[in-house]
Amino acid sequence: MLRYAIHRLLLMIPTLIGVAIVVFFMLRVVPGDVVEVKLRGDGGNVSEETLKLERQRLGLDKPLIAQFGDWMIGLATLDLGKSMWTDRPVIEEIGIRLELSLQVAVMATIIAVLIAIPMGTLAALLRDSWIDYVVRLVTIGGLAVPSFWLGMLLMLSLLTLFNWLPPITFTPLYVDPVANLTQLIWPALAVGYRYSAVVARMVRSSLLEVLNEDYIRTARAKGVFENIVVSRHALRNALLPAITVIGLEFAFLIGGLVVTEQVFNLNGIGKLFVQSVSRNDFTLIQGMVMMIALFYMLVNLTVDMLYAAFDPRIRYR
Amino acid sequence: MAVATPAVAEAASRTRNPVLAFGRAQPLGAVSLVAIVAMMFGGIFAELVAPYDPLAIDFGSMLAGPSIEHWFGTDAFGRDILSRVIYGARTALVIGFTSSFIGSTAGAIVGTASAYFGGRLDSVIQRFVDILLSFPIIVLALVVVAVLGRTLVLGIDVNLIFAIAVPILPKVARVVRAAALSVRAMPYIDAARAAGYSHLRIIVRHMAPNLVAPYIIMLTAYIAQAILLEASLSFLGLGVTEPTPAWGLMLSGNASDFFREAPWMILFPGIAISVAVFAFNLFGDAMRDWLDPKFKL
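Basis of the calculations
- Residues numbered from 1 in each chain as written.
- Chains lettered and ligands numbered in written order.
- Predicted model: local features only at pLDDT ≥ 70, side-chain atom pairs only at ≥ 80, totals over all residues.
- Heavy atoms only, no water.
- Helix = DSSP H or I, 4+ residues; strand = E, 2+ residues; numbered from the N terminus.
- Buried < 20%, exposed > 50% of the residue type's maximum accessible area, 1.4 Å probe, protein only.
- Contact = heavy atoms within 4.5 Å.
- 1 Å grid on protein atoms, 1.4 Å probe; cavity = no way out; pocket = protein on both sides within 12 Å on 5 of 7 lines; lining within 4 Å.
- Points joined across faces, edges and corners; volume = space filled by probe spheres on them.
- Core = buried A, V, L, I, M, F, W, Y, C linked by side-chain atoms within 4.5 Å.
- Domains from an automatic or database assignment.
- Expected span 1.5 Å × (residues − 1).
- Bend = angle between axes of the 7 residues up to and from the residue.
- Axes fitted to C-alpha atoms, helices over the stretch in contact; angles between N-to-C directions.
- Parallel < 35°, antiparallel > 145°, perpendicular 65-115°, else oblique.
- Left-handed = near helix turned anticlockwise from the far one by under 90°.
- Nonpolar A, V, L, I, M, F, W, Y, C, P; charged D, E, K, R; others polar.
- Buried area = accessible area lost by both parts, 1.4 Å probe.
- Salt bridge = Lys/Arg side-chain N within 4 Å of Asp/Glu carboxyl O.
- Phe/Tyr/Trp six-rings, centres within 6.5 Å; stacked < 30°, edge-to-face > 60°.
- Polar contact = N/O pair within 3.5 Å; in protein donor to acceptor, adjacent residues only side chain to side chain.
- pLDDT = per-residue confidence, 0-100.
- Lys, Arg positive; Asp, Glu negative; His and termini not counted.

Caption draft 1: Looking closely at the overall build of chain A. Per the secondary structure count, chain A includes 13 helices and zero strands. Tracing chain A from N to C terminus, the helices and strands come up as α-α-α-α-α-α-α-α-α-α-α-α-α. By principal-axis analysis of the C-alpha atoms, chain A measures approximately 85 × 55 × 35 Å. Residues classed as buried in chain A amount to 49% of the 317 residues present. By sequence separation, contacts in chain A at least 24 residues apart represent 72% of the contacts at least 6 residues apart.

Next comes the structure, spelled out in structure tokens:
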């Protein structure tokens, strides 16, 4: 098991190098860079000389191969470089925003799991009843309603019903839990709806599949109480695919946060990513892409490990 | 989702008209098809359907609520929201269809080639697909937007279409490759190879016809994703730009400043996005159940 985990961790290195190569060259294929956006973005009249000096300072005038070498050496020494826009280290830019985004992601996950598992289970057990239809409708809706629009509706209803808007400045959880939670619960709900829809659909379909298995019929024939059949025999097996979906969606929450943070004006990872893209801030984009890829791979590995923990038939070597 | 009973399936196969057969086997799919056709009608004939010019600024009726003149109200420039929603359908459908088509077709070609040739080419392609799959689609689309910038053709940003197509490609490639692998193992492929046909002929004439079902399923499924992605990118200000009417764009900018005084500004475009994505999702599900019930996305 441990050997398998170490093996998988080592396998991440070539993939991450692949990501680093792809993102580096993609960003530099096409003309246009941060200097142009920064100095000429507002239509300002800046001389070519100034642009050249700024490029020199950022190392953008070096040959591509030299820039690539710097990037690779930086990665090898775990140095993601400095943001080309703010001149602060990429790690620092990400670090100060990570807490907020991570907290929203964790809260959204908790919301999703709390809603999705009972909802999916109920729908599967009461198949084709009105409850099932409601769950199916609500979950298909969850896939269709954009999270940023849901966020706007939430804000609108808070405003009209309570004449209150969540504050814009971030209060950490350990400073004032109430202020923190009342601020972040809304974006978490907006993102969590889609998340719970995806998970509930998975729980429903995999539970339906498991309920048709022979061992469920055997358990029932033995006279096992129905709620034990469901909780011990069916759910334990049905939740495995749900864990995969929860894990993968968690890794991909950054995607939902990209738009939702914009709506709630939260200064998190998603907003930073959009900013860095619209500013052509190459180093920051590169750093964030590497971070997202690494995060995704780690979550993937964790999911696989959890699989083994939940299902004794799975043994990794 | 809806399991076709044998009687229904039989009735479907007896009916000549494929649209009727589809409607009988997949009632939900048929309802969504009606919604889609209505959207297409509105989008294509927007000039005739829309009551106003979507770009006409009227400072006399700024932020006016829904009324007989303006069913969905007006925005901060006095532009008619109903007209903008109708023209927005054109933008959403054009971008949704073309990007899903480009992404799915390129993905199908890559997936088929990867499965057919196998060996080193296959593993190189699959590693590349792995890399692309380890990003949320919007992150990937944003990187492509950052790379390509904007190129406007007929008021539509072709690079935006490309940015939406790129994240679709690896997903389709992965699924089509799996289907192609099982087709490749069929005896008739061996026979074709033994007969000395060229690779191209085997792929086009013998493999492709058997991969149409997964291709069509993926294509329809990703139209919904593409429309949602376009709306998100436009909302972020990195997709469709003013003054072109687009649903996501209508939710950004001054819509968020005025949504307290004029909630209709955010209500109707959001409903339009949701209904469109909902309809295409249902339609995609129905196509899957109809063409290949065992197929998993």
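Caption draft 2: Examining empty space enclosed by the protein more closely. In this structure the tally under the stated criterion is three cavities of 30 Å³ or more. Space inside the largest cavity adds up to approximately 100 Å³. What lines the largest cavity is simply A:V19, A:V22, A:V23, A:M26, A:V289, B:I131, B:L132, B:F135, B:V139, B:L140 and B:V143. Of all the secondary structure elements, the ones that give two or more residues to the lining of the largest cavity are α1 (2-29) of chain A together with α6 (119-133) and α7 (137-148) of chain B. A per-element tally of the lining of the largest cavity places α1(A) first, with four residues.

Caption draft 3: Layout of the nonpolar core. Ranked by size, the top nonpolar core spans 153 residues in total, and within it A:W71, B:F135, B:I138, B:L142, B:L236 and B:W247 carry the most contacts. The leading source of residues in this core is helix α13 (residues 282-310) of chain A, at 15 residues. Structurally, this core is a two-domain feature, drawing no fewer than three residues from each of domain 1 (2-89) and domain 2 (91-310) of chain A. Ignoring anything within four residues of it in the chain, the contact list for B:L142 reads A:V258, A:F273, A:V274, A:V277, B:L233, B:L236 and B:L238.

Caption draft 4: Region of the structure containing helix α11 (residues 212-235) of chain B. Residue and element names in this part refer to chain B. For α11, with 24 residues, the first-to-last C-alpha span of 34 Å sits near the 34 Å given by 1.5 Å per residue. When the local axis directions of α11 are compared, the greatest deviation, roughly 25°, occurs at I223. Extensive coverage of α11 is indicated by the burial of 20 of its 24 residues. Positive phi appears at G237, one or two residues downstream of α11, with a value of about 80°.

Caption draft 5: Representation of the packing of α1(A) against α13(A) in the model. Residues and elements named next belong to chain A. Running from amino to carboxyl end, α1 crosses α13 at an angle of 155°, the nearest separation of the two axes being 10 Å. With respect to each other, α1 and α13 are oriented roughly antiparallel. Every pair of crossing elements has a handedness; the one defined by α1 and α13 is right-handed. For the contact of α1 with α13, the class distribution of residues is 20 nonpolar, three polar and three charged.

Caption draft 6: Main features of the domain arrangement of chain A. Residues and elements named next belong to chain A. Domain annotation of chain A identifies domain 1 (2-89) and domain 2 (91-310). Look at where the C-alpha atoms of domain 1 and domain 2 centre, and you get two points 32 Å apart. With 28 residues of domain 1 at the contact, the number on the domain 2 side is 24 residues. Where domain 1 abuts domain 2, roughly 2500 Å² becomes buried across the two surfaces, and 70% of that area is made up of carbon and sulfur atoms. Taken together, domain 1 and domain 2 are joined by two salt bridges.

Caption draft 7: Quick look at the packing of aromatic side chains. Taken as a whole, this structure holds nine aromatic pairs over all chains when the rule is applied. With centroids separated by 5.8 Å and ring planes inclined at 55°, the aromatic side chains of A:F250 and A:F295 adopt a geometry described as tilted. Linking A:F250 in helix α10 (residues 226-251) with A:F295 in helix α13, this pair joins segments that are 45 residues apart in sequence. Seen from their ring centres, B:F97 and B:F280 are 6.0 Å apart, and the 85° between their planes marks the pair as edge-to-face.

Caption draft 8: Structural view of the interface of chain B and chain A. Across the contact, 39 residues belong to chain B and 43 residues belong to chain A. A combined buried area of about 3700 Å² lies between chain B and chain A, and 81% of that area is made up of carbon and sulfur atoms. There are one salt bridge connecting chain B and chain A. Ionic pairing is found between B:D285 and A:R201, a salt bridge with its closest N-O pair at 3.7 Å. Applying the counting criterion to the chain B and chain A interface returns one residue pair in polar contact (both at pLDDT 80 or more). Looking at the side of chain B that touches chain A, the elements with two or more residues in it are α6, α7, α11 and α14 (264-291) of chain B. Per element, the largest residue contribution to the side of chain B that touches chain A is eleven residues, and it comes from α14(B). Taken together, the residues that form the side of chain B that touches chain A break down as 30 nonpolar, six polar and three charged.

Caption draft 9: Representation of the confidence of the model for chain A in the model. Mean pLDDT over chain A stands at 83; residues scoring 70 or higher make up 94%. Mean pLDDT across the elements of chain A bottoms out in helix α2 (residues 34-40) of chain A (68) and peaks in helix α5 (residues 90-125) of chain A (89).

Caption draft 10: Representation of the side chain of A:D281 within the structure. Residues and elements named next belong to chain A. Its location among the elements puts D281 in the loop between α12 (269-278) and α13. Although D281 is buried, it forms no salt bridge, and the closest oppositely charged side chain is R279 at an N-O distance of 5.9 Å. Not counting residues up to four positions away in its chain, the partners in contact with D281 are V34, S83, M84, W85 and S276.

Caption draft 11: Inspection of the environment of A:E249 at higher detail. One can find A:E249 in helix α10. C-alpha separation for the pair A:E249 and A:R201, spaced 48 residues apart in sequence, amounts to 13 Å.

Caption draft 12: Structural detail: the environment of A:E92. Mapping A:E92 onto the fold places it in helix α5. In this structure, the C-alpha to C-alpha distance between A:E92 and A:L80, residues twelve residues apart in sequence, is 9.9 Å.

Caption draft 13: The arrangement of the pattern of salt bridges in detail. Residue and element names in this part refer to chain A. Taken as a whole, this structure holds 14 salt bridges over all chains when the rule is applied. Residue R97 pairs with E93 through a salt bridge whose shortest N-O separation is 2.8 Å. One end of the pair is R97 and the other is E93, both in helix α5 and four residues apart, which spans about a single turn. The residues R97 and E93 share a single accessibility class, namely buried. R136 is the partner of D128 in a salt bridge, and the nearest nitrogen-oxygen pair spans 3.8 Å. Residue D128 is classed as partly exposed on the basis of its relative accessible area of 47%. We classify R136 as buried; its relative accessible area is 14%. Several salt bridges converge on common partners, so that one network encompasses D128, D132, R136 and R204.

Caption draft 14: Just the packing of helix α8 (residues 177-211) of chain A against α10(A), in detail. All names here are of chain A. Remark: α8 packs on α10, axes separated minimally by 8 Å, with the N-to-C direction vectors making an angle of 150°. Regarding the angle of α8 to α10, the classification is roughly antiparallel. Judged by the sense of rotation from one axis to the other, the crossing of α8 with α10 is right-handed. Side by side, α8 and α10 meet where R194, Y195, V198, V199, M202, V203, S206, L207, V210 and L211 of the first sit next to H233, A234, L235, N237, A238, L239, P241, A242, V245, I246, E249 and F250 of the second. Here the residues of the contact of α8 with α10 sort into 17 nonpolar, three polar and two charged.

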